[in-house]
Amino acid sequence: MRLSNRPELQQLVSAANRCNRAALDDAKQAILSERYTDAMLRLLRWFAIRGWRDQPISENAILLLAPIVSVAPSVLKRRYRKARRRCKRFEQLAPAERHRLRIALKKLRYTIEFLGSLFDKHRVHAFLDRLKSLQDDLGHANDIRIAYDLLEQIQQTRDQTRDHFASTIDRACGILLGWHERDLADREPLLRKHIKRFKRLDPFW
């Protein structure tokens, strides 16, 4: 990273490492808890006895009994349609709305990878290649959105511990976010181009 030699960032890295260790400790305690063990045992039992078969038959549940070949096209069509809806007026979408688009694309991709063997593999791969490019672009933008939240957490922790490097850390946060915001702006034209390509994709189902 081009900013790694700046002295302000060294203090930010140290603060981030402290937050990371605290989060890992919290996760470890959660995994070792009785509540986690109970939840995992219930889930494993549900899988072992195929608990989803015990639910009352309804319009939605009946799909579980249908051949996958007959269900797959409608499932893919629904996922694709939802993702396309979230693309509307993309240039005006707020970061949170772009995040919801990213989630819709992720669900579409997972569904395609799960059901893709039922369709022509060349058309499936061509569709996925375009989808992955768009996902990468949106994923990078979302990483920066998450960075805002993480940096805010670091600043809160700094305030609680009365960190002697508070002003240095604040300055490092500003430098880091400014650098990434410029990178986002540079990537925006390509991202919009990928959105247009996605909307013109020919469905394979």
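Shown above is the structure to which this text applies.
What you are looking at is a predicted structure, and each value in this text was computed from that prediction instead of being measured.

Engineer: Hey, could you run me through the overall build of the protein chain in this one?
Structural biologist: Along the backbone of the protein chain there are 6 helices and 0 strands. For the protein chain, the succession of helices and strands along the chain, N to C, is α-α-α-α-α-α. On C-alpha atoms alone, the protein chain measures out to a radius of gyration of 23 Å, which is more than a quarter above the 17 Å that the 2.2 N^0.38 rule sets for 205 residues. Along the first, second and third principal axes, the C-alpha set of the protein chain runs to 65 × 50 × 25 Å. Restricting to contacts in the protein chain with at least 6 residues of sequence separation, those with at least 24 account for 76%. For the protein chain, the distance from the average position of its 42 positive side-chain charges to the average position of its 25 negative side-chain charges is 7 Å.

Engineer: Is there a simple way to think about the nonpolar core in this case?
Structural biologist: Inside soluble globular proteins, nonpolar side chains tend to come together where they are buried. With 25 residues, the main nonpolar core has Leu105, Ile112, Phe127, Leu131 and Phe198 as its most contacted residues. Membership of the second largest hydrophobic core comes to 10 residues, among which are Leu12, Ala15, Leu151 and Cys173.

Engineer: Explanation requested: the packing of aromatic side chains in the structure shown.
Structural biologist: Summed over the entire model, instances satisfying the criterion amount to 8 aromatic pairs. A ring pair is formed by Phe204 and Trp205, whose centres lie 4.9 Å apart and whose planes are at 80 degrees; its orientation type is edge-to-face. A relative accessible area of 6% places Phe204 in the buried class. Counting every residue linked through ring pairs, the aromatic cluster contains Tyr80, Phe119, Phe127, Phe198, Phe204 and Trp205. Above the face of the Phe90 ring, Arg98 is positioned so that its terminal group lies 4.0 Å from the ring centre.

Engineer: Would you mind going over a nonpolar patch on the surface with me for this structure?
Structural biologist: Together, Ile31, Tyr36, Met40, Leu41, Leu43, Leu44, Trp46, Phe47 and Trp52 make up a nonpolar patch on the protein surface, roughly 860 Å² of accessible area in all. The greatest single-element share of the nonpolar patch, amounting to 7 residues, is contributed by helix α2 (residues 34-48). Along the chain, Leu43 turns up in helix α2. With relative accessibility at 38%, the residue Leu43 sits in the partly exposed group.

Engineer: What should I look at first to understand the layout of surface pockets in this one?
Structural biologist: Gaps left between atoms show up when a probe the size of a water molecule is rolled over them. What the largest pocket holds in volume is close to 490 Å³. If you go around the largest pocket, you meet 22 residues; those closest to its centre are Ala16, Leu150, Leu151, Ile154 and Leu176. For the lining of the largest pocket, the secondary-structure elements that each account for two or more residues are α1 (7-31), α5 (121-161) and α6 (166-199). Ranked by residues supplied to the lining of the largest pocket, first place goes to α5 with 10 residues. Here the second largest pocket is characterised by a volume of approximately 340 Å³. The wall of the second largest pocket is formed by 19 residues, among which Pro95, Arg98, Ala141, Asn142 and Leu184 lie closest to the centre. For the lining of the second largest pocket, the secondary-structure elements that each account for two or more residues are α4 (95-115), α5 and α6.

Reading the values: rules and limits
- Residues numbered from 1 in each chain as written.
- Predicted model: local features only at pLDDT ≥ 70, side-chain atom pairs only at ≥ 80, totals over all residues.
- Heavy atoms only, no water.
- Helix = DSSP H or I, 4+ residues; strand = E, 2+ residues; numbered from the N terminus.
- Rg over C-alpha atoms; globule rule 2.2 N^0.38 Å.
- Contact = heavy atoms within 4.5 Å.
- Lys, Arg positive; Asp, Glu negative; His and termini not counted.
- Charge placed at Lys NZ, Arg CZ, Asp CG, Glu CD.
- Core = buried A, V, L, I, M, F, W, Y, C linked by side-chain atoms within 4.5 Å.
- Buried < 20%, exposed > 50% of the residue type's maximum accessible area, 1.4 Å probe, protein only.
- Phe/Tyr/Trp six-rings, centres within 6.5 Å; stacked < 30°, edge-to-face > 60°.
- Lys NZ or Arg CZ within 6 Å of the ring centre and 35° of its normal.
- Patch = residues over 30% accessible without salt bridge, like charges linked within 9 Å, V, L, I, M, F, W, Y side chains within 5 Å.
- Areas by Shrake-Rupley, 256 points an atom, 1.4 Å probe, with all protein chains shown as cover.
- Salt bridge = Lys/Arg side-chain N within 4 Å of Asp/Glu carboxyl O.
- 1 Å grid on protein atoms, 1.4 Å probe; cavity = no way out; pocket = protein on both sides within 12 Å on 5 of 7 lines; lining within 4 Å.
- Points joined across faces, edges and corners; volume = space filled by probe spheres on them.

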